[in-house]
Each structure stands twice: as structure tokens, then as C-alpha cells.
Amino acid sequence: MGDTNLQELERVLAHLVVPDMAQIKVAEQRLDQLLSLSQYRCIPEMVNIIHASESAEARHMASVLIRTKGLQAWPQIPQDARMQLRAILLQTTSSESQVLIGHSLCLAISEIAKLESVHQSPWSELVPYVVQLCKHERAPHREMGMFLLSSLAENCVDQLRPFMVDVFSLCATAMGDASISVCGRALTALSALIPVLKPPDAPVFQRMMPQTLQAISRVLTDEGGEGFEWQAVDVIREAAMSDASLLAGSLENVLSLVLQACSAPTASPRTKCSCYALFESLAEFKAKKMVKMGLIPPLLDNLLRALSTSMSGDDDDDDD
């Protein structure tokens, strides 16, 4: 694809998000024509757009289309060219200023990594780069690194298996990060990693429980944590479901933390809803253990008091 067609592709991608349905329809038709000519030849051009275009709209659509329409053609690209494209994609994650575009790019990278694994073309630079990004001096880069890590855990965990100890160490550090976004993304990554843990790996997670509980408390009680409450729910739910006894010795601490968060006077409805979901997960998967430890009576007592306080607040609002 020449420079003229590259410029046209960039314009077409930008027009896909304009607030005009007529323009969007024309752009979609032209995009289909361009892709039908040679889909795999369009991929390098889309990567160039992601890396160098001044149009945020074009960069965003290119990162989305590589993942949704370009993956089937990815194996058709010669291996040397794929390696160059992979390097450009990684470089772009640390230079992209728009969070939404960066996240879309991370999703595309994780899907490409999955494909490369299937086709026996390991991406040896990927995990070391993620580690480097997670340790970056700037918080937005660290957040992007944790987002990419969680995407890999969900889509291509085999890439992470040889580095599992280092990966969990990254999560432990990120959960204590000054940025609540980095902390929340670390919980997202952790919830995706827990299902692939084997019983021999349980001590790795159990050693992280103090940091994990601190991070959960933070997203449940910090105003900036809104939006990450369900990541906290997912971590505890996955740990409770695991066959590796990941909550051994920590169940009482988990319940105490969640009770404290949901009964706080400043607890938001989202926080309370998240806490109740946590109680539901623990009751579903750890009921016998909770009964044996005598945790049910104090749990019910605290729940009733929290609900009573909530209902009292609702009555006050009605009186107003």
C-alpha cells in the first residue's frame, strides 16, 4: 500500500467515529474495499498509523481493527516483518498519550501474542518489556504495564508461566503504588492470574495476602478507587474458588476488612454492593470453613447493623 492509500486509510479510520451516520457508512464501505484488496498488507499500515498518526481517532480505530479484523491475516505476514511490527507496537505503548487508545493497543498485543504462541513464534521480548513498563517512573506507564499484564493473563497466560514468580512480585509492588489506578489494575491482573495457579504455587499468593488486603481495603474505601471495586470482588472470589487453598489463614482477616468497609459511614452504594457480593462468594465457597471458625454469628450481626444503618439513611432521605 503506497503513501496515497496510507493517507486515505488514515482518513477513513478517522471518519469511522465522526458524529455523522452518513459519513460513517461511507467510511465503512471504503474500509471494506481496502481490506478486501489485501488485508494482510493493511496491517503494517495500521501499525504505522497507531505509531505515528496525529489523529487520535485514526490511532484508536486502527488499534481496534487490528484486533477485530486483522488477526486472521496476521500469520500471512512474513516472520521478519511480524517481528518489526511487534517491536513498533511495544514501543507505542509507552509513547501513546491517550489512555483509551493505549488500552486498546494492549488488547491487540495480547491477542497477537496468543496467535504467535499458537504458530510457534515466541515473543521473547514481550514479558521483559511488560516488566520494564510496570517499573516505569511515571504512573501512566505503570498503569499501562499492569493493564497489558492483565490482558496477557486473560488471553495468553502461557507467555507468563516461566516468569510467574516475577509477575506476582510485580503485582505485589503495584498494589502498593501511590496511584490508585495502578493499584486497581494490579488487582485486575491478580484476578486473572489466580485461576491458573497450581497448588504448589499457593505460597506465592499467600505471601502477598497482606498487600492484597491493603489494596482491596484501599479501592473499597478510597474515593479514587471507584470503578475498581469489582476487581476486589473478583480477586477474593477467584481465591475462594481455587483448589489451592489460597485463603488459608486469611479468611477471618478478609471478612473483617470487608465488614469494616461496608459499615463505614462514608461507604458508597457501589462499595456496599461490592462488599455484599464478596460475602456471597465467601458464603458460597467457604461456608463450612466459616461455620467451623465461628464467623457466621458476628458476620450476620454486622450485616444486619450495616443494613439497618443503610435503611435508616434511606428513611431520612424520604423525610426530606
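Below: a short report on this structure. (Residues numbered from 1 in each chain as written. Predicted model: local features only at pLDDT ≥ 70, side-chain atom pairs only at ≥ 80, totals over all residues. Heavy atoms only, no water.)

Brief notes about the overall build of the chain
Part 1: Secondary structure summary: the chain contains 17 helices and zero strands in total.
Part 2: Along the three orthogonal principal directions, the C-alpha set of the chain runs to about 70 × 55 × 35 Å.
Part 3: Per-residue burial for the chain yields a buried fraction of 49% across its 320 residues.
Part 4: The long-range fraction of contacts in the chain, counting pairs at least 24 apart against all pairs at least 6 apart in sequence, stands at 70%.
Part 5: As displayed, the chain has an accessible area near 16000 Å², and 51% of this comes from carbon and sulfur atoms.
Part 6: Averaging the coordinates of the 26 positive side-chain charges in the chain and doing the same for the 39 negative ones gives two points 8 Å apart. (Helix = DSSP H or I, 4+ residues; strand = E, 2+ residues; numbered from the N terminus. Buried < 20%, exposed > 50% of the residue type's maximum accessible area, 1.4 Å probe, protein only. Contact = heavy atoms within 4.5 Å. Areas by Shrake-Rupley, 256 points an atom, 1.4 Å probe, with all protein chains shown as cover. Lys, Arg positive; Asp, Glu negative; His and termini not counted. Charge placed at Lys NZ, Arg CZ, Asp CG, Glu CD.)

So, the side chain of Arg-59
Part 1: With respect to the helices and strands, the residue Arg-59 is situated in helix H4 (residues 56–68).
Part 2: Among the residues examined, Arg-59 registers a relative accessible area of 10% and is labelled buried.
Part 3: Non-local contacts of Arg-59, meaning those with residues more than four positions away in its chain, are made with Ile-49, Ile-50, Ser-53, Glu-54, Glu-96, Ser-97, Gln-98 and Ile-101.

As for the environment of Asn-48
Part 1: If you trace the backbone, Asn-48 turns up in helix H3 (residues 39–52).
Part 2: Sequence separation of Asn-48 and Thr-92 is 44 residues, and the distance between their C-alpha atoms is 9.9 Å.

Overview of the nonpolar core
Buried together is how nonpolar side chains tend to be arranged in soluble globular proteins.
Part 1: In this structure, Leu-13, Met-146, Phe-168, Leu-190, Phe-205 and Leu-282 are the most contacted members of the largest nonpolar core, which totals 109 residues.
Part 2: Broken down by element, this core gets its largest block of residues, nine residues, from helix H10 (residues 180–193).
Part 3: Apart from residues lying up to four places away in sequence, Leu-282 is in contact with Ile-236, Ala-240, Leu-247, Leu-251, Val-254, Leu-255, Ala-287 and Met-290. (Core = buried A, V, L, I, M, F, W, Y, C linked by side-chain atoms within 4.5 Å.)

Overview of the environment of Ala-277
Part 1: Turning to its location among the elements, Ala-277 is positioned in helix H15 (residues 269–285).
Part 2: Overall, Ala-277 belongs to the buried group, its relative accessible area being 13%.
Part 3: The spacing of Ala-277 and Asp-234 is 43 residues in sequence and 9.5 Å in space, taken between C-alpha atoms.
Part 4: Setting aside chain neighbours within four positions, we find Ala-277 in contact with Trp-230 and Val-233.

Thoughts on H10
An α-helix turns once every 3.6 residues. As a result, residues three or four positions apart point the same way.
Part 1: Taking 1.5 Å per residue as the helical rise, H10 with its 14 residues ought to reach 20 Å, and the 20 Å between its terminal C-alpha atoms agrees with that figure.
Part 2: Most of H10 is tucked away: 13 of the 14 residues are buried. (Expected span 1.5 Å × (residues − 1).)

So, the packing of helix H14 (residues 251–263) against H15
Part 1: In the contact formed by H14 and H15, the axes pass within 9 Å of each other and the chain directions differ by 155°. If you check the angle between H14 and H15, you find them roughly antiparallel. Like other packed secondary-structure pairs, H14 and H15 cross with a definite hand, here left-handed. Across from Leu-251, Val-254, Leu-255, Val-258, Leu-259, Ala-261 and Cys-262 in H14, the residues of H15 making contact are Thr-271, Lys-272, Cys-275, Tyr-276, Leu-278, Phe-279 and Leu-282.
Part 2: Among the residues making up the contact of H14 with H15, the classes are represented as 12 nonpolar, one polar and one charged. (Axes fitted to C-alpha atoms, helices over the stretch in contact; angles between N-to-C directions. Parallel < 35°, antiparallel > 145°, perpendicular 65-115°, else oblique. Left-handed = near helix turned anticlockwise from the far one by under 90°. Nonpolar A, V, L, I, M, F, W, Y, C, P; charged D, E, K, R; others polar.)

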